[in-house]
Amino acid sequence: MTEPILALSVPGMGRMYRHPVSGELYPSVTNVIQVLAKPWLDAWAAKLVAGYAWDNRETLMQIEDREAAVDMLKGVTRRRRDAAADVGSTIHAYVESLFTDEPRPQIESEHEPYIVALQGFLAEFDPEFVVVEGTIFSSEFPEDLRYAGTFDFLARIDGHLVLGDYKTGSGVYEEVGLQLAALRRGEALWDRHSGELSPMPDVEACVAVHLRPEGFALHVIRADDAAYQAFLGLRQAWPWTKNQSGIVGPRMNRVRLLKELGAVAPTTEQESLGV
């Protein structure tokens, strides 16, 4: 998926946002949420690869190089994620083009059912978009709790201000509550046209718009204080997951351990042996 403006991918750190005033780097909301364990991904990946292997068994049988066959199979999940990201990018670009001067993206055949689903959402709920692809910064916290992120839309539906996110995967998962809870509480909203920061308005509700080839569904998301506190817990844990070098020390013998503990001073003979 295309990186939002001000976002950049930092090796070893993931997606970060550069603050437009201070220049500091803040971890993105989705980057922080990756701290969560996702055991269901193992089952999803195993099923996906197994299904691909069965569907392409004749092709696989003709590959004599084992490593080539392994590479073909292990790339299945990446290719599926890339395809899903491409759909998401197209949806976002299409919505932007409807309500801004951005050019209309090229719609491929695989995108068309999602666009039809999106049009169904627009027709039924008639949202009045206030901000599309808005970036927020949370700077009031100490440095170890700051974060930034981009929401899909801020819109009024029948006069009610809602914060929304499009989902194009097979389901809408509970972690969206953490995502939207963090986004709605970012205190500064960046205007990419003026470059200025303004207060993030209070929203009445958060919603996820689930777009699938067969249609759409709108879900109200419970992005409450409990979800926000859970997100902040993940934010506290996030730096540790990115800097784990040196946690497991070298193998010790008894003399080395006592030296490490400061219990004894090594003798000259021990020092010459490197212990």
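Report follows, based on the coordinates.

Reading the values: the criteria
Residues numbered from 1 in each chain as written. Predicted model: local features only at pLDDT ≥ 70, side-chain atom pairs only at ≥ 80, totals over all residues. Heavy atoms only, no water. Helix = DSSP H or I, 4+ residues; strand = E, 2+ residues; numbered from the N terminus. Expected span 1.5 Å × (residues − 1). Bend = angle between axes of the 7 residues up to and from the residue. Buried < 20%, exposed > 50% of the residue type's maximum accessible area, 1.4 Å probe, protein only. Contact = heavy atoms within 4.5 Å. Lys, Arg positive; Asp, Glu negative; His and termini not counted. Salt bridge = Lys/Arg side-chain N within 4 Å of Asp/Glu carboxyl O. Phe/Tyr/Trp six-rings, centres within 6.5 Å; stacked < 30°, edge-to-face > 60°. Lys NZ or Arg CZ within 6 Å of the ring centre and 35° of its normal. Axes fitted to C-alpha atoms, helices over the stretch in contact; angles between N-to-C directions. Nonpolar A, V, L, I, M, F, W, Y, C, P; charged D, E, K, R; others polar. Patch = residues over 30% accessible without salt bridge, like charges linked within 9 Å, V, L, I, M, F, W, Y side chains within 5 Å. Areas by Shrake-Rupley, 256 points an atom, 1.4 Å probe, with all protein chains shown as cover. Charge placed at Lys NZ, Arg CZ, Asp CG, Glu CD. Pairing = 2+ DSSP bridges. Core = buried A, V, L, I, M, F, W, Y, C linked by side-chain atoms within 4.5 Å.

Further remarks concern helix H8 (residues 225-242). Because an α-helix packs 3.6 residues into every turn, residues spaced three or four apart end up facing the same way. Over its 18 residues, H8 runs 26 Å from end to end, which matches the ideal 26 Å to within 8%, given 1.5 Å per residue. At glutamine 236, H8 shows its strongest bend, of approximately 30 degrees, with the proline proline 239 following within four residues. For H8, the set of buried residues is Ala227, Tyr228, Phe231, Leu232, Leu234, Arg235 and Trp238. Elements in contact with the buried residues of H8: strand S2 (14-18), strand S3 (25-27), helix H1 (29-33), strand S4 (128-138), strand S5 (147-157) and helix H7 (176-184).

Here the focus is the side chain of arginine 235. Position of arginine 235 among the secondary structure elements: in helix H8. In this structure arginine 235 is buried but unpaired, with aspartate 144 as the nearest side chain of opposite charge at 6.6 Å. When sequence neighbours within four positions are dropped, the list of residues in contact with arginine 235 reads Pro27, Val32, Glu143, Asp144, Leu145, Arg146 and Tyr147.

To describe a pair of aromatic rings, you give the distance between the ring centres and the angle between the ring planes. For the structure shown, the criterion picks out 10 aromatic pairs. With centroids separated by 5.8 Å and ring planes inclined at 75 degrees, the aromatic side chains of tyrosine 26 and phenylalanine 137 adopt a geometry described as edge-to-face. Note that tyrosine 26 is positioned in strand S3 and phenylalanine 137 in strand S4, a separation of 111 residues in sequence. Exposure class is identical for tyrosine 26 and phenylalanine 137. Each is buried. A network of ring pairs unites the aromatic residues Phe121, Phe125, Phe129, Phe153, Tyr166 and Phe216 as a single cluster. We note arginine 79 situated over the ring of tyrosine 52; from NZ or CZ to the ring centre the distance is 5.5 Å.

Contact geometry of helix H4 (residues 66-74) with helix H5 (residues 76-99) gives a least axis separation of 4 Å together with a crossing angle of 35 degrees. Residues Met72, Leu73 and Lys74 of H4 form the contact with H5, whose participating residues are Val76, Thr77 and Arg79. Considered class by class, the residues forming the contact of H4 with H5 number 3 nonpolar, 1 polar and 2 charged.

Before going further, it helps to spend a moment on a negative patch on the surface. Together, Asp86, Glu108, Glu110 and Glu112 give the surface a local cluster of negative charge. Note on placement: glutamate 108 falls in the loop between H5 and helix H6 (112-125).

Of all 11 residues making up S5, 10 are buried, and the element is well covered by its neighbours. Pairing between S4 and S5: 9 bridges, direction antiparallel. Its bridge partner being in S5, threonine 135 is matched across the sheet by threonine 150. Both S5 and strand S6 (residues 160-167) contribute to a ladder of 5 bridges, which runs antiparallel. Bridging across to S6, isoleucine 157 finds its partner in histidine 160. Counted between consecutive antiparallel strands, the loop separating S5 from S6 contains 2 residues, among which aspartate 158 sits at a positive phi close to 55 degrees.

A word on the environment of aspartate 202. Along the polypeptide, aspartate 202 turns up in the loop between strand S8 (197-199) and strand S9 (205-212). A relative accessible area of 73% means that aspartate 202 is categorised as exposed. The spacing of aspartate 202 and threonine 59 is 143 residues in sequence and 55 Å in space, taken between C-alpha atoms.

Soluble globular proteins tend to pack their nonpolar side chains together in the buried interior. Counting 30 residues, the largest nonpolar core has Tyr147, Phe151, Leu163, Leu180 and Phe231 as the members making the most contacts within it. Looking at this core, the elements that each hand over two or more residues are H1, S5, S6, H7, S9 and H8. Listed in part, the 20 residues of the second largest apolar core include Val95, Leu118, Phe129 and Tyr166.

A separate point is the sheet that holds strand S10 (residues 215-221). With respect to topology, 7 strands assemble into an open sheet ordered S8-S7-S4-S5-S6-S9-S10, the strand pairing being mixed. In the strand order of this sheet, the two ends are held by S8 and S10, each with one partner. Direction aside, the axes of adjacent strands within the sheet are offset by 40 degrees on average. Strands S4, S5, S6, S9 and S10 of the sheet are contacted by H6, whose axis makes an angle of about 55 degrees with S10. Strands S4, S5, S6, S9 and S10 of the sheet are contacted by H7, whose axis makes an angle of about 135 degrees with S6.

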